[in-house]
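Reading the structure
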Amino acid sequence: MAARLVDVWLRALTDVHTFETHLTRQLPRLTIDDRSVVLRTVKHMGHLLDRGGRSVGIVPLGGTREPLGRRS
C-alpha cells in the first residue's frame, strides 16, 4: 500500500464530495483516510487574495512580510 497526498483547489465546499466520489469511481481500490479543508485562503502562489479570491498584492519569495504592489 502506498500513501498519496492530493492537493486540490475547488470553488465550493460542496465540490469536495463530488471530487472524492469521482476519484473513488475512477480508482476503486482507493481509500480516503483523511481530509482537511481550508475555507479561506489569504495567499496562493505568492499572491495575496481578497475575500472574492482575486489577487490584490504579491508576496515575494524570501519570506518578507511586506506585500509589493497592491492593485485595486
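This report concerns the structure included in the present document.

Analysis parameters
- Residues numbered from 1 in each chain as written.
- Predicted model: local features only at pLDDT ≥ 70, side-chain atom pairs only at ≥ 80, totals over all residues.
- Heavy atoms only, no water.
- Pairing = 2+ DSSP bridges.
- Helix = DSSP H or I, 4+ residues; strand = E, 2+ residues; numbered from the N terminus.
- 1 Å grid on protein atoms, 1.4 Å probe; cavity = no way out; pocket = protein on both sides within 12 Å on 5 of 7 lines; lining within 4 Å.
- Points joined across faces, edges and corners; volume = space filled by probe spheres on them.
- Patch = residues over 30% accessible without salt bridge, like charges linked within 9 Å, V, L, I, M, F, W, Y side chains within 5 Å.
- Areas by Shrake-Rupley, 256 points an atom, 1.4 Å probe, with all protein chains shown as cover.
- Salt bridge = Lys/Arg side-chain N within 4 Å of Asp/Glu carboxyl O.
- Buried < 20%, exposed > 50% of the residue type's maximum accessible area, 1.4 Å probe, protein only.

1. Overview of the pairing of strand β3 (residues 55–58)
Regular strands place side chains that alternate from one sheet face to the opposite one. Bridge analysis of strand β2 (residues 47–49) against β3 gives three bridges, and the strand direction is antiparallel. Its bridge partner lying in β3, histidine 47 is registered against isoleucine 58. From the end of β2 to the start of β3, which pair antiparallel, there are five residues, and glycine 53 there has a positive phi angle of about 85°.

2. Remarks on the layout of surface pockets
The space that makes up the largest pocket amounts to roughly 1,600 Å³. Around the largest pocket sit 37 residues that line it, and Val6, Asp7, Val8, Phe19 and Ser36 are the ones nearest its centre. Element by element, the count of residues in the lining of the largest pocket is highest for helix α1 (residues 15–26), at four residues.

3. Re a nonpolar patch on the surface
A contiguous nonpolar patch, built from Val6, Val8 and Leu10 and spanning about 220 Å² of accessible area, is present on the exposed surface. Locating leucine 10 in the fold gives a position in the segment before α1. Given a relative accessible area of 33%, leucine 10 falls into the partly exposed group.

4. Focus: the environment of aspartate 34
Topologically, aspartate 34 is positioned in the loop between α1 and β1 (43–44). Aspartate 34 gets classed as exposed once you look at its relative accessible area, which sits at 66%. On a C-alpha basis, the gap between aspartate 34 and leucine 5 in space is 9.9 Å, while along the polypeptide they are 29 residues apart.

5. Considering the sheet that holds β3
Strand order in the open sheet made by the three strands is β1-β2-β3, with antiparallel pairing throughout. Every other strand in the sheet has two partners, leaving β1 and β3 as the edge strands with one partner each. Bridge count for β1 against β2 is two bridges, and the pairing is antiparallel. From the neighbouring strand, histidine 44 faces β2, where its bridge partner is histidine 47.

6. Digging into the pattern of salt bridges
Opposite charge on two side chains permits pairing when their charged atoms draw close. The full count for this structure, using the stated rule, is two salt bridges. Among the ionic pairs, arginine 35 bridges to glutamate 20, the shortest N-O distance being 2.6 Å. Pair noted here: arginine 35 is in the loop between α1 and β1 and glutamate 20 is in helix α1, with a separation of 15 residues, a long-range link. When its relative accessible area of 15% is taken as the criterion, glutamate 20 is described as buried.

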